[in-house]
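Fold and geometry: a report
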Amino acid sequence: EKNIITNKINISFNNLEKASNKLSKSRSAVILNFEKQIKETLKTLGMPHAVFKVCLEKTNNFNIKGSDNIIFKFSSNPGVNEQEISKVASGGEISRLVLALKHIISSKVGIKTLIFDEIDTGVSGKIASYMGDLMRSISRNTQLISITHLPQIASKSEKHIKVYKEVINSSTRTRIKILNKEERIVEIARLLSGKDISEAAITNAIELLNQ
């Protein structure tokens, strides 16, 4: 009986090893193209010199993902060796890299809805506009909901929902409101100018919404 159990364990181990090796080969086969797609996307986000590498390291043990450790390495500046993302990337760089990863992955695995909670952290100006353009591109095939305080990104959306709080009888309630065309202009202008909305902000908001 002991031999029977040992044989079953060996058979299971061999099957696991075969499946793991097959998964590793499959990963290796797509890495170059995946790296290329990420780098091309990062170029559109204002990072023309970015280097992105996927490293597979064989582990001694099996896990739910096979027998590979998958490490993403990154460098945003020429002449700087790529390192693990957590060691080299700033907040704005991580935001753009995450967006690039989500863009490529969502198109491959058929994700139906993406929710970004201030994925634009650490960016502003034209970079935020680039990110907004990419989000709008993603939204053509995948429902995308973005929580943002940047007018350059908010203005790219087809629909806007305002989230705000009210205090009623000492109780705080969170409200949401779907904005009409005029309200969209006002809220984009509010993001641009703050509490007091200027005529210049209104004009700028209209321009952003028409881009």
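Now for a quick tour of the structure. (Residues numbered from 1 in each chain as written. Predicted model: local features only at pLDDT ≥ 70, side-chain atom pairs only at ≥ 80, totals over all residues. Heavy atoms only, no water.)

**With respect to the packing of aromatic side chains**
The line we're drawing: Two aromatic rings, drawn from Phe, Tyr or Trp (for Trp, its six-membered ring), form a pair once their centres lie within 6.5 Å of each other, and the interplanar angle then sorts them: stacked below 30 degrees, edge-to-face above 60, tilted otherwise. Numbered from the N terminus, helices here are DSSP runs of H or I no shorter than four residues, and strands are runs of E no shorter than two. Burial classes follow relative accessibility: with a 1.4 Å probe on protein chains only, a residue under 20% of its type's maximum area counts as buried, one over 50% as exposed, and anything between as partly exposed.
By the definition in use, this model includes four aromatic pairs. For the ring pair Phe34 and Phe72, a centre distance of 6.4 Å and an interplane angle of 45° mean the geometry is tilted. Here the residue Phe34 occupies a position in helix α1 (residues 2-44), and Phe72 occupies one in strand β2 (residues 66-75), the gap between them amounting to 38 residues. Residue classification places Phe34 among the buried residues on the basis of a relative accessible area of 18%. Residue Phe72 is classed as partly exposed on the basis of its relative accessible area, which comes to 30%. An aromatic cluster is defined as three or more aromatic residues linked by ring pairs; in this entry it consists of Phe34, Phe52 and Phe72.

**What about the sheet that holds strand β3 (residues 83-84)?**
Our working definition: Two strands make a pair as long as DSSP finds a minimum of two bridges between them. Contacts are residue-level and defined by heavy atoms, with any inter-residue pair within 4.5 Å sufficient. With axes taken as lines fitted to C-alpha atoms, and helix axes fitted only over the stretch in contact, angles between N-to-C directions fall between 0 and 180 degrees.
Strand order in the open sheet formed by three strands is β1-β2-β3, with antiparallel pairing between adjacent strands. If you trace the sheet from one side to the other, it starts and ends with β1 (51-63) and β3, each paired once. Judged from the two bridges that link them, β2 and β3 form a sheet pairing that is antiparallel. Looking at β3, one finds that Phe74 is bridged to Gln83. Against the sheet, α1 engages β1 and β2, with an angle of about 165° to β1.

**Things to note about the pattern of salt bridges**
Condition: One side-chain nitrogen of Lys or Arg within 4 Å of one carboxyl oxygen of Asp or Glu is enough to make a salt bridge.
Tallied over the full model, the rule gives seven salt bridges. Across the pair Asp133 and Arg136 runs a salt bridge whose closest N-O atoms are separated by 3.6 Å. With Asp133 and Arg136 both in helix α4 (residues 125-138) and three residues apart, this pair spans about one turn of that helix. Each of Asp133, Arg136 and Lys156 takes part in one network of salt bridges that share partners.

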